Amino acid sequence: MTDSSIVPFIAVVPARLASTRLPGKPLADIGGKPMVVRVAERARASGAQQVLVASDAPAVLDAARAHGFDAVLTRADHPSGTDRLAEVAAQFGWSDDTLIVNVQGDEPLIDPALVRDVALHLATHPHCAIATAAHSITDAADVFNPNVVKVVLDARGLALYFSRAPIPWARDAYLSQWSGQASLPAPPAGMAVYRHIGLYAYRAQFLRAYPMLSPSPLEQAEALEQLRALWHGERIAVLLTREAPLPGVDTPADLARVQSLFGSAAE
């Protein structure tokens, strides 16, 4: 593995205070520290040259700064984390080839090595604007779950398409398994099905261009922002990992699970 110090990158943690399912999520206490700080600590452990917390809420910025992290105020009307990162890139005027990793603010268990590896994957694919990650899945419930985003790759390991549908569609195998059975069919042996991991590395040049790209019909139909980049001809390199990452925090139950892992005592 290439030393991360040879390929500098910046980690940005976008953290929106408003959340339908878990209000005030970035400031939720996890082992004596706000969740956004826990995420920033994981980003710092990845070897990032700089870690920035980006939020529309001064309280989130104050929490990050109180724990020694840089923080920047962004607009409140961003529809996605990518849009928030685009504003940050414009504010700081980073050079075109600067690598920026979007570490979502609700991932306090994110593996620092995965953050680093996605950045390095983009660095080794200079013809790509974005890098992300995926892992193999075989369970039929995951393959057919619309909340589990799938990705198909070309021969070079670049993304061909992302979908909430079961792709690739093994026509004959699925039809034969479904015949007379009520259960979901499992992918046939030898057919790779990959679950997309929502971690992205970008080149600053792409982030500056992103707000000017019109939304695509595919993006709107699937509710997947990465399809905008594919629609406009950008290439996305996909790093395949052996294991699924630990889940993030979307609900009060998720928060309770993570809090139990850290324990009640402050570290």
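Residues numbered from 1 in each chain as written. Predicted model: local features only at pLDDT ≥ 70, side-chain atom pairs only at ≥ 80, totals over all residues. Heavy atoms only, no water.

(A) Here's a closer look at the environment of S163. Secondary-structure assignment places S163 in strand β9 (residues 159-163). Residue classification places S163 among the buried residues on the basis of a relative accessible area of 3%. The spatial distance from the C-alpha of S163 to the C-alpha of P146 is 8.2 Å, given a sequence separation of 17 residues. The residues touching S163, leaving out its near neighbours within four places in the chain, are V148, V149, K150, E222 and L224. A polar contact of 2.9 Å, which involves the side chain of S163, links it to the backbone nitrogen of A165. (Helix = DSSP H or I, 4+ residues; strand = E, 2+ residues; numbered from the N terminus. Buried < 20%, exposed > 50% of the residue type's maximum accessible area, 1.4 Å probe, protein only. Contact = heavy atoms within 4.5 Å. Polar contact = N/O pair within 3.5 Å; in protein donor to acceptor, adjacent residues only side chain to side chain.)

(B) Structural context of the side chain of T82. One can find T82 in helix α3 (residues 81-92). Within the structure, the side chain of T82 is placed 2.8 Å from the side chain of Y202, a separation counted as a polar contact.

(C) Region of the structure containing helix α10 (residues 252-262). Looking at α10, one finds that the buried residues are D254, L255, V258 and F262. End-on view of α10: buried residues confined to an arc of 100°, all on one side of the axis. Residues of α10 that are exposed and point over 90 degrees away from its buried face: P252, A253 and S260. At its buried positions, α10 is contacted by β2 (29-30) and α1 (35-45). Taken from the residues just after α10, G263 is the one with a positive phi, measuring 85°. (Arc of directions from axis to C-beta.)

(D) Structural context of the pattern of salt bridges. Counted by the stated rule, this structure contains 11 salt bridges. A salt bridge links K25 to D250, with the shortest nitrogen-to-oxygen separation between them at 3.9 Å. Of the two residues, K25 sits in the loop between β1 (10-14) and β2 while D250 sits in the loop between β11 (236-241) and α10, which places them 225 residues apart along the sequence. Residue K25 is classed as buried on the basis of its relative accessible area, which comes to 12%. Note on D250: relative accessible area 32%, which makes it partly exposed. The partner of D77 in a salt bridge is R75, and the shortest N-O contact between them spans 2.9 Å. On the accessibility criterion, R75 (45% relative accessible area) is partly exposed. (Salt bridge = Lys/Arg side-chain N within 4 Å of Asp/Glu carboxyl O.)

(E) View of the layout of surface pockets. Computed from the structure, the largest pocket encloses a volume of approximately 1600 Å³. Q104, D106, E107, G198 and D250 are the residues nearest the centre of the largest pocket, which is lined by 47 residues in total. Those elements giving two or more residues to the lining of the largest pocket turn out to be α3, β10 (194-203) and α10. In terms of residues, the lining of the largest pocket owes the most to one element, β10, which gives 6 residues. When grouped by side-chain class, the residues that make up the lining of the largest pocket number 19 nonpolar, 15 polar and 13 charged. (1 Å grid on protein atoms, 1.4 Å probe; cavity = no way out; pocket = protein on both sides within 12 Å on 5 of 7 lines; lining within 4 Å. Points joined across faces, edges and corners; volume = space filled by probe spheres on them. Nonpolar A, V, L, I, M, F, W, Y, C, P; charged D, E, K, R; others polar.)

(F) View of the packing of aromatic side chains. Under the defined criterion, the tally for this structure stands at 7 aromatic pairs. Centre to centre, the rings of F144 and W169 are 6.2 Å apart; their planes meet at 80°, and the pair counts as edge-to-face. Here W169 lies in the loop between β9 and α6 (171-178) and F144 lies in the loop between α5 (140-143) and β8 (150-153), a separation of 25 residues in the sequence. With a relative accessible area of 19%, F144 lands in the buried category. Taken together, the aromatic side chains of Y200, Y202, F206 and Y210 make up a single cluster linked through ring pairs. (Phe/Tyr/Trp six-rings, centres within 6.5 Å; stacked < 30°, edge-to-face > 60°.)

(G) Summary view of unusual backbone geometry. Of the consecutive residues I167 and P168, the connecting peptide bond is found in the cis state with omega at -5°. In this structure, P168 sits in the loop between β9 and α6. Of note in the backbone geometry, A223 takes a positive phi value of approximately 60° without being a glycine. Here A223 shows up in the loop between α8 (217-222) and α9 (226-231). When its relative accessible area of 53% is taken as the criterion, A223 is described as exposed.

(H) Inspection of the nonpolar core at higher detail. If you look at the biggest cluster of nonpolar residues, it comprises 47 residues, and the most contacted ones within it are V51, V53, V101, V103, L114, V118 and L199. Setting aside residues no more than four positions away along its own chain, L199 makes contact with V101, N102, V103, L114, V115, V118, A131, T132 and A133. Among the nonpolar cores identified, the runner-up in size contains 31 residues, and I130, L207, Y210 and L224 belong to it. (Core = buried A, V, L, I, M, F, W, Y, C linked by side-chain atoms within 4.5 Å.)

(I) Focus on empty space enclosed by the protein. What the rule picks out here adds up to 1 cavity of 30 Å³ or more. Counted as a void, the largest cavity has a volume near 50 Å³. The wall of the largest cavity is formed by T82, I130, Y200, Y202, F206, Y210, E225, Q226 and A229. Elements with a minimum of two residues in the lining of the largest cavity: β10 and α9. Of the residues assigned to the lining of the largest cavity, the class counts are 6 nonpolar, 2 polar and 1 charged.

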